Amino acid sequence: MSAADLVVAALLLVGVTLSLLAAVGLNRFTNVYSRMHAATKPATLGVVLVAAAASTRMADPDDTVKLLVVIVLQLITAPVGAHLVGRAAYRGGTPLGPLTLDELAEAEHRRDGQAS
Amino acid sequence: MTLRRVPHVAWLAAVWVALWGDVTAGNVLAGAAVAVGLVSVFPGARPGPAAPVRPAALLRFVGFFVWQVIKANAILSWEIVTPKRHLEAGIVKMELHTQSDAVITLIANAITLTPGTLALTVHRGGPLPILYVHILHLHDVESVRCDLAQTERLAIAAFGGATTQQRTSAVRR
């Protein structure tokens, strides 16, 4: 087993572990927003690491290119999805759980005050 | 379809060809057809005027971003495996010193992928666009704000136009 094999194996293991942790986080956290944190960060890096590891082991260079496109698209789309779910939840009035600070609510108050 | 859309179409077609993995006439034509279709259906997704990319600043941004992503994952993983739940969540606002949709999108995406921060919404209409960010840990609001500002500053340094940058340094002073 060469050093390169070890690196690839490590990438795969860390990637898989992060994906598992993302799933556990989705179950464990208690509100939409915390769950989106769990769904974007570890899940994204997990997929990226697994794809990166696999891309070094492809017999066909075409497949390596495909996996690199997967990585780029994952990095672009995951935060957009999380952002839309978060914004929809906020606009829909989903309970935020205990917040110590909410500057968005303050801004909306001010805006409502000006409107009336 | 104007000429300004050509780079956009070419980029989408290139992604299509990369996904099929073969550069054949059929793939290129199909990719171009899909790209033209997409750009016609979503004309709103228009690329702004090409901003000059500064390679050194871009490297700094990417380096900082990668480091933040690794940190985010370590912290969040620890959070998930430790049973205690003393999360002090909150929403903070940050002013963005750019008007470019592309740079705002980049900043929001970078923030969502970094430690305990999730971009919620952007308010435009004031002199500066305002980004509202959901924070998982508000133990130290000032250090959170500091990290957010750092992300913004590096993104603008890499992609923002010269005028935007002057405005940023003027505001910071």
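Residues numbered from 1 in each chain as written. Chains lettered and ligands numbered in written order. Predicted model: local features only at pLDDT ≥ 70, side-chain atom pairs only at ≥ 80, totals over all residues. Heavy atoms only, no water.

Overview of the overall build of chain B
Each helix and strand counted, chain B has 6 helices and 3 strands in total. Starting at the N terminus and ending at the C terminus, chain B contains elements arranged as α-α-α-β-α-β-β-α-α. Per-residue burial over chain B gives 43% buried out of 173 residues. Nonlocal contacts in chain B, meaning residues at least 24 apart in sequence, comprise 67% of its contacts between residues at least 6 apart. For chain B, the accessible area works out to roughly 9100 Å², and carbon and sulfur atoms hold 69% of it. (Helix = DSSP H or I, 4+ residues; strand = E, 2+ residues; numbered from the N terminus. Buried < 20%, exposed > 50% of the residue type's maximum accessible area, 1.4 Å probe, protein only. Contact = heavy atoms within 4.5 Å. Areas by Shrake-Rupley, 256 points an atom, 1.4 Å probe, with all protein chains shown as cover.)

A short note on the pattern of salt bridges
Residues and elements named next belong to chain A. Following the criterion strictly, the structure yields 3 salt bridges over all chains and no others. One salt bridge in this structure joins Asp-5 and Arg-57, with 2.3 Å as the shortest N-O distance. Residue Asp-5 is found in helix α1 (residues 3-28), and its partner Arg-57 is found in the loop between α2 (32-55) and α3 (61-91); the two are separated by 52 residues along the sequence. In this structure, Asp-63 and Lys-66 form a salt bridge, with 3.6 Å as the shortest nitrogen-oxygen distance. Highlighted residues: Asp-63 and Lys-66, both in helix α3, separated by 3 residues, approximately one helical turn. (Salt bridge = Lys/Arg side-chain N within 4 Å of Asp/Glu carboxyl O.)

Quick word on the packing of aromatic side chains
Residue and element names in this part refer to chain B. All chains considered together, the criterion is met by 2 aromatic pairs over all chains. For the pair Trp-16 and Trp-20, a centre-to-centre distance of 6.1 Å together with 50° between the ring planes defines the contact as tilted. Remark: Trp-20 and Trp-16 occur in helix α1 (residues 6-20); sequence separation between them is 4 residues, near one turn of the helix. Exposure remark for Trp-16: the relative accessible area of 27% places this residue in the partly exposed category. Centre to centre, the rings of Phe-61 and Phe-65 are 6.2 Å apart; their planes meet at 15°, and the pair counts as stacked. Residue Phe-61 and its partner Phe-65 are both found in helix α3 (residues 55-81); the two are separated by 4 residues, about one turn of the helix. Phe-65 shares its class with Phe-61; the two are buried. (Phe/Tyr/Trp six-rings, centres within 6.5 Å; stacked < 30°, edge-to-face > 60°.)

Observations concerning α3(A)
Since the α-helix advances by 3.6 residues per turn, residues separated by three or four positions end up pointing in the same direction. Residue and element names in this part refer to chain A. The end-to-end C-alpha distance of α3, which contains 31 residues, comes to 45 Å, matching closely the 45 Å that a straight helix rising 1.5 Å per residue would cover. Helix geometry: α3 is bent most strongly at Gln-74, by close to 25°. Residues of α3 that are buried include every one of Leu-67, Val-69, Ile-71, Ala-78, Pro-79, Ala-82, His-83, Gly-86, Ala-89 and Tyr-90, and no others. With its phi angle positive at about 75°, Gly-93 sits one or two positions after the end of α3. (Expected span 1.5 Å × (residues − 1). Bend = angle between axes of the 7 residues up to and from the residue.)

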